[in-house]
Amino acid sequence: MNTTPNAPAHARPDTPAHPSPHTPARVRAHTADTLALLRTPGGGLRLAPAPAPPAAGAGLRVLRAGICGTDLQIQRGIRPDGAAVLGHEGLAEYPTGSGVRRVLFNPVDPDDQDHILGHSHDGVLRHRYPTPGDGPAAGGDFSTAADPVLRHLVPALPDLPADLSVLVEPLGAVLYGWDLLDAAGAHGDAAVWGSGTTAVLAALVGEARGLATTLVHTRAERLEWLRRREVFDTTRLSTAPPAGPVAAAFVCLPREAAGAALGQALDTVGDGGAIDLFGGFGTGGTHPLTGALDLNSVRRANVCGSPAPAPGPAVTLPSGKRVRLTGHRGTSAAHLRRAQELLIAHPERFARVVSHVVPLEAAGPVLRSMAADPPGARLVGLGPAGEPLRGEHLKVLVDPTLPAGAVRAPDPLTTVAALPPGH
């Protein structure tokens, strides 16, 4: 990975908006505690006081947040989502009568799949997530809150490594995808198209299942970086699809690349196999090989674990081969529980998926560069002396508890229970 002393040319719109040194200390402390990474016109990102910030010490204190591929798509303008604050993967805490409760965000509302944290409404790249008028109920939870994000918070298991909390939601979504492939009868070798966090997690779960798994990505430099990072044990990394047919496949790529990958997957999956459309297809999206089938509707048929996993629609390709397509939106609390248990059981296996840690104050330039700059040349974090780091990345973790300018490596050991209280 290369380093450079120069900030990216587009860093100016991301300049943190800190309080004036002439502001009273009490007001400065309150302002700093309510900062959010706000999207601005023209594609900028600016650290500033959150819209309608919670009162001092109120709201959910965000402890960890992840930068997701959909955040980058929104930043690029590929997705039309209107949230002013991005971010939907995160760990937070709030006080109860008996102490502090730590929870994970479950971003998709099971009753309205278009209501998504960090997409349709403001997300978690901030110091505090607001709880306007919604204090915890008598039982210490938010089960009666008006905000569905608060209603669907999931308890964080005490033994979960805190830095791996940003993998819980994407891993839960991957486990959901595997459940759907199982329901489609896709038992056997697997291939995964993509090389981001979800693709890597899908392949790691394939390994854990004892399957011969191939990760397919067009850029050889990216695959070599994954090899050097020793992310996988047995997964084969290739710029070309497997030569022989596979039973199951994932397409884990953004919308601009998903069509070509689906074409390769349809060619590679054997007769009777199945493909999980993990992402990449918007409203009305189709593919020449699957005719008029609305691929986005395939994903929308399964939401947060409901209905129970069932085979997706079967399509007959021009070759005569029949392949099932499946997909989903969101995850259930049960998926997130399973994901936590898997991360707790194998922290060393998943720790390499978290590649960089940045404070909230550095997240704007990093996210903007990740969305706009060429792969391999993106600003991905800070070096030991605070110098900008450019190169490849997997999951970039944003630590809002980290002071501005501080630098640390991912920590796979400190658990949720071991975090110091700070609400």
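Residues numbered from 1 in each chain as written. Predicted model: local features only at pLDDT ≥ 70, side-chain atom pairs only at ≥ 80, totals over all residues. Heavy atoms only, no water.

**Q** I'd like a description of empty space enclosed by the protein, backed by residues and values.
**A** Evaluation of the coordinates by the stated rule reveals one cavity of 30 Å³ or more. By volume, the largest cavity is sized at about 40 Å³. Every residue along the wall of the largest cavity is listed here: Glu89, Gly90, Leu104, Phe105, Ser165, Val166, Val168, Glu169 and Pro170. Here the lining of the largest cavity takes three residues from helix H4 (residues 168-183), the largest share from any one element. For the lining of the largest cavity, the class distribution of residues is five nonpolar, two polar and two charged. (1 Å grid on protein atoms, 1.4 Å probe; cavity = no way out; pocket = protein on both sides within 12 Å on 5 of 7 lines; lining within 4 Å. Points joined across faces, edges and corners; volume = space filled by probe spheres on them. Helix = DSSP H or I, 4+ residues; strand = E, 2+ residues; numbered from the N terminus. Nonpolar A, V, L, I, M, F, W, Y, C, P; charged D, E, K, R; others polar.)

**Q** Report on the environment of Thr326, specifying residues and quantitative values.
**A** Tracing the backbone through its elements, the reader meets Thr326 in strand E17 (residues 322-326). In this structure Thr326 comes out as buried when scored by relative accessible area, which is 1%. Taking the C-alpha atoms as reference points, Thr326 and Arg219, separated by 107 residues in sequence, lie 26 Å from one another. Thr326 has contacts with Leu180, Leu181, Ile275, Asp276, Leu277, Val298 and Asn302, leaving out every residue within four places of it along the chain. (Buried < 20%, exposed > 50% of the residue type's maximum accessible area, 1.4 Å probe, protein only. Contact = heavy atoms within 4.5 Å.)

**Q** Which residues make up the sheet that holds strand E15 (residues 269-277), and what are the values?
**A** By definition, the strands of a sheet pair up through backbone hydrogen bonds, in either a parallel or an antiparallel sense. Spatial ordering of the open sheet is given by E13-E12-E11-E14-E15-E17-E16, a layout of seven strands whose pairing is mixed. Taken across any chain shown, the strands that pair with only one partner, and hence form the sheet edges, are strand E13 (236-238) and strand E16 (314-316). Strand-to-strand twist across the sheet, computed as the mean angle between neighbouring axes with direction ignored, equals 25°. Bridge analysis of E16 against E17 gives three bridges, and the strand direction is antiparallel. Within E17, the position partnered with Thr316 by the bridge is Arg322. Strand contacts of H4: strand E11 (190-193), strand E14 (246-251), E15 and E17, with the helix running at about 145° to E14, the strand carrying the most contacts. Contacting strand E12 (213-216) and E13, helix H6 (residues 220-229) crosses the sheet at an angle of about 155° to E13. (Pairing = 2+ DSSP bridges. Axes fitted to C-alpha atoms, helices over the stretch in contact; angles between N-to-C directions.)

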